[in-house]
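Structure at a glance
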Amino acid sequence: MGRIIAVSNQKGGVGKTTTTINLAACLAEKGKKVLAIDMDPQGNMSSGLGINKEELEISIYQVMLGENTIEETLVQGVVDNLDILPASVDLSALEIELIDVKNKEYILKKEVDKIRDNYDIVIIDCPPALSTLTINAMTTADSVIIPIQCEYYALEGLTQLGHTIQLVTERLNTDLEVEGIVFTMYNATTNLSMQVVENVRENLELPIYDTVIPRNIKLAEAPSYGMPISMYDSKSAGAKSYMELAEEVISKGER
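Residues numbered from 1 in each chain as written. Predicted model: local features only at pLDDT ≥ 70, side-chain atom pairs only at ≥ 80, totals over all residues. Heavy atoms only, no water.

1. Digging into the overall build of the protein
Helix and strand counts for the protein come out as twelve helices and eight strands. Taking 255 residues into account, the globule formula puts the C-alpha radius of gyration at 18 Å, and the protein, at 17 Å, falls close to it. Each principal axis of the C-alpha distribution contributes one length, and for the protein these read about 50 × 40 × 35 Å. Per-residue burial for the protein yields a buried fraction of 52% across its 255 residues. Sequence-distant contacts in the protein: of pairs separated by 6 or more residues, those separated by 24 or more amount to 78%. Carbon together with sulfur atoms contributes 47% to the accessible area of the protein, which is approximately 11,600 Å² in total. Here the protein holds 21 positive side-chain charges and 38 negative ones, and the gap between their average locations is 3 Å. (Helix = DSSP H or I, 4+ residues; strand = E, 2+ residues; numbered from the N terminus. Rg over C-alpha atoms; globule rule 2.2 N^0.38 Å. Buried < 20%, exposed > 50% of the residue type's maximum accessible area, 1.4 Å probe, protein only. Contact = heavy atoms within 4.5 Å. Areas by Shrake-Rupley, 256 points an atom, 1.4 Å probe, with all protein chains shown as cover. Lys, Arg positive; Asp, Glu negative; His and termini not counted. Charge placed at Lys NZ, Arg CZ, Asp CG, Glu CD.)

Quick look at the structure:
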C-alpha cells in the first residue's frame, strides 16, 4: 500500500511547492513509483513538473466533483516513475461547489484509495490556507511534511497549522502524524538562519529532518523551465539537498 504524504504550511512562501516538486522527482529518480497531487489552485506544482495548465482539459477539480476518474486525469511527468494529478485555476471554485455535499472532507481519500496500491509514495501539495482542499489532503494522508523557511517569521502560522493537524487527527483521520519539519531557504552565511534552526529544534517537540535545503538560485530558476532541480541542474546544491531529503524519506518509510 502506497504511503501518502501531504506537504503543508498555512504560511505562504516557505518552499512548500518547491519541496513537493523536487522531493517527488528525487524519489522517482531513486526508483520509487510516485504520484504527485496538486491541490493548490495556483497549479504551480503542475507547471513546475512540465504541465501546461492552459492546455489542461481535466484536472483534480473534475475528479473532486466526480466528473472524471483519477485514471482519466493522470498525466505523465517529465520524470520517469512520476505521475501527476494536475490542478487548474478552476480548483479555486471547489469550496463553493461542495457546500452542500456530505462527507466532502473525504472526497480525495475515496478517490486516491482506489489507486494508492499502484504507487510507493503519493505526495500532495496543499494550498497555503486552511480550506476544504487542505482538509481533503490531510484526511487522505498518512503524514505531513512541514517546510519552514529559515527567516525571522519562521514560526508564524506554525501554531495554527499544528492546531489544524491536531483537529484533523482527533475528528477526521486518527492515523495522521507529522512526518517531519524541513528547513528551507537556509543561508549558511547568516547568523539568522542558524538561529532559526536552533530555535525550532529547541522549542518544538516534532520530528525534524537532518537535511536542510539551502537558498539556491538554481532552485528558483528550475520551475520556469518546467523541470525539477534534479533535471535542471543535478550538480547544484539544491539538487543534492533534495536527493538527501528523498533518501531520508525512504529510510523513514522503511523503518
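2. Brief notes about the sheet that holds strand β4 (residues 82-85)
Read across the sheet, eight strands follow the order β3-β4-β2-β5-β1-β6-β7-β8 without closing on themselves; strand pairing throughout is mixed. Whereas interior strands pair on both sides, the edge strands pair on one side only; in this sheet they are β3 (75-76) and β8 (208-214). Across two bridges, the pairing between β3 and β4 is antiparallel. Looking at β4, one finds that Gln76 is bridged to Asp83. Where helix α8 (residues 158-171) meets the sheet, it contacts β6 (143-149) and β7 (177-186), and its direction lies at approximately 175 degrees from that of β6. Along the sheet, helix α12 (residues 237-254) contacts β1 (3-7), β5 (121-125), β6, β7 and β8; its crossing angle with β8, the most-contacted strand, is approximately 165 degrees. (Pairing = 2+ DSSP bridges. Axes fitted to C-alpha atoms, helices over the stretch in contact; angles between N-to-C directions.)

3. Points about the pattern of salt bridges
Applying the stated rule across the entire model yields ten salt bridges. Between Arg116 and Asp142 there is a salt bridge, with the nearest N and O atoms lying 3.1 Å from each other. One end of the pair, Arg116, is in the loop between α6 (107-112) and β5; the other, Asp142, is in the loop between α7 (132-140) and β6, with 26 residues separating them in the sequence. On the basis of relative accessibility, which here comes to 8%, the residue Arg116 falls in the buried class. We note a salt bridge from Glu221 to Lys218, for which the minimum N-O separation is 4.0 Å. With Glu221 and Lys218 both in helix α10 (residues 217-221) and three residues apart, the pair spans about one turn of that helix. Residue class for Glu221 comes out partly exposed when judged on its relative accessible area of 27%. Given the relative accessible area of 29%, Lys218 is considered partly exposed. One continuous salt-bridge network, built from bridges that share partners, spans Lys109, Asp113, Arg116 and Asp142. (Salt bridge = Lys/Arg side-chain N within 4 Å of Asp/Glu carboxyl O.)

4. Some points on the nonpolar core
Ranked by size, the top nonpolar core spans 43 residues in total, and within it Ile37, Met39, Ile60, Ile124, Ile146 and Ile165 carry the most contacts. Not counting residues within four places of it along the chain, the set of residues in contact with Ile60 comprises Ile37, Asp38, Met39, Thr73, Leu85, Pro86, Ala87, Leu91 and Leu108. (Core = buried A, V, L, I, M, F, W, Y, C linked by side-chain atoms within 4.5 Å.)

5. Some remarks on the pairing of β5
Side chains on a regular strand alternate between the two faces of the sheet. Across the five residues that make up β5, a large majority, five, are buried. Of the two faces of β5, the one holding Ile121, Ile123 and Asp125 and the one holding Val122 and Ile124 are both buried throughout. Of the strand pairs in this sheet, β1 and β5 are connected by five bridges, and their pairing is parallel. Across the sheet, Arg3 pairs through a bridge with Ile121, a residue of β5.

6. Thoughts on unusual backbone geometry
In the Ramachandran plot, Asn81 falls in the positive-phi region, its phi being about 75 degrees despite a non-glycine side chain. Mapped onto the secondary structure, Asn81 falls in the loop between β3 and β4. On the basis of relative accessibility, which here comes to 34%, the residue Asn81 falls in the partly exposed class. Within the chain, Asn103 stands out as a residue other than glycine whose phi angle is a positive 55 degrees. In this structure Asn103 comes out as exposed when scored by relative accessible area, which is 57%.

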